[in-house]
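Here are the chains, one letter per residue:
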Amino acid sequence: MLATYLIGLREGLEATLVVSILIAFLVKSGRKDRLVQVWAGVGLAVTLSVFFGWLLSYTSTTLLQRYEHRELFEAVTSILAVGFVTWMIFWMRRAARSIAGELRGKLQDALAVGSIAVAVMAFLAVIREGLETSLIFYSAVQGASSGSGPLVSLLAGIASAVVIGWLMYATAVRIDLSLFFTWTGALLILVAAGILKYGVHDFQEANVLSGLYDLAYDVSGVLDPSAWYTALLAGMFNITPTASVLETVAWAAYGIPVLAIFLWPARGKAPAPATESPTPASAPQQ
């Protein structure tokens, strides 16, 4: 549940900031008449993202009948999710300074074309976050027991992101988004390492990779499988009492170097300033 909350918070805040920038630009430019098109594009992006998440679940539980095919499907989606998480984290770190200006420029071009272009632009700005969220969420909950807990946590994370975005837009609240995205990015890298580990496990279950029963460790005598802290480690980072050699190698081979690269300070560059709130009077300058 903590992992899915983090996913919802991180992805939701990115999408909320994008929408806030678009709305702030329209308000400042005196083009409130185009807000309807922006919300239409956002609504369509959210709808398609929810449908994509449902399609992933429906494919795994209904369309695929054989156990091996389901495991293979879950393994492939896990690998894709890890790729998207990694790309998203490093892209946001690189593009944080310029994203506001780029969005305003694209929206200005769309305004010159017409209302449909404004809706399409808003749709494209949000759909990437929505599809990423659906894919990452689906992959993150593969090892969870049945229940609505992960979905509720995801929605709670998104709701928290919306509240934070609204506070930044409508009040004088300032949040150091550079620090926020650094910490959440580091945690998501560990979550992605767990997703990769689970993907390798699914490949082994589908008989694509061997060594399912070649254990790298077995600490079930120390780490009680029924304890709350074991559930926390397994749910957040997929750290389990037992794991095969390939699972362990995959977790370490991805998690350690990627986390080190992400946290390593960039040379020759000043630290990114804290992002200001996208108020109608002054859109964020990044």
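So, here's what we can say about the structure. (Residues numbered from 1 in each chain as written. Predicted model: local features only at pLDDT ≥ 70, side-chain atom pairs only at ≥ 80, totals over all residues. Heavy atoms only, no water.)

## Brief notes about helix H5 (residues 115–140)
So, point 1. In a regular helix each residue adds 1.5 Å, so 26 residues correspond to 38 Å; H5 covers 38 Å between its end C-alpha atoms and thus fits that length.
So, point 2. At Val-126, H5 shows its largest bend, some 30°. (Helix = DSSP H or I, 4+ residues; strand = E, 2+ residues; numbered from the N terminus. Expected span 1.5 Å × (residues − 1). Bend = angle between axes of the 7 residues up to and from the residue.)

## Describing the packing of helix H3 (residues 67–95) against helix H7 (residues 177–205)
So, point 1. Viewed as axis vectors pointing N to C, H3 and H7 meet at an angle of 160°, and their least axial separation amounts to 8 Å. Classified by the interaxial angle, the pair formed by H3 and H7 is roughly antiparallel. Regarding H3 and H7, the two cross each other, and that crossing is left-handed.
So, point 2. Class assignment of the residues belonging to the contact of H3 with H7 gives a composition of 19 nonpolar, three polar and four charged. (Axes fitted to C-alpha atoms, helices over the stretch in contact; angles between N-to-C directions. Parallel < 35°, antiparallel > 145°, perpendicular 65-115°, else oblique. Left-handed = near helix turned anticlockwise from the far one by under 90°. Nonpolar A, V, L, I, M, F, W, Y, C, P; charged D, E, K, R; others polar.)

## Topic: the nonpolar core
Soluble, globular proteins show a tendency: their nonpolar side chains are buried together.
So, point 1. With 37 residues, the main nonpolar core has Leu-13, Leu-22, Val-38, Leu-103, Leu-107 and Phe-181 as its most contacted residues.
So, point 2. Of all elements in the fold, only helix H1 (2–28), helix H2 (35–63), H3, helix H4 (99–113), H5, helix H6 (149–170) and H7 reach the threshold of two or more residues within this core.
So, point 3. Other than its neighbours up to four places away in sequence, Val-38 contacts Leu-22, Leu-26, Val-118 and Ala-122.
So, point 4. Among the nonpolar cores identified, the runner-up in size contains 33 residues, and Leu-6, Ala-81, Phe-90 and Val-191 belong to it. (Core = buried A, V, L, I, M, F, W, Y, C linked by side-chain atoms within 4.5 Å. Buried < 20%, exposed > 50% of the residue type's maximum accessible area, 1.4 Å probe, protein only. Contact = heavy atoms within 4.5 Å.)

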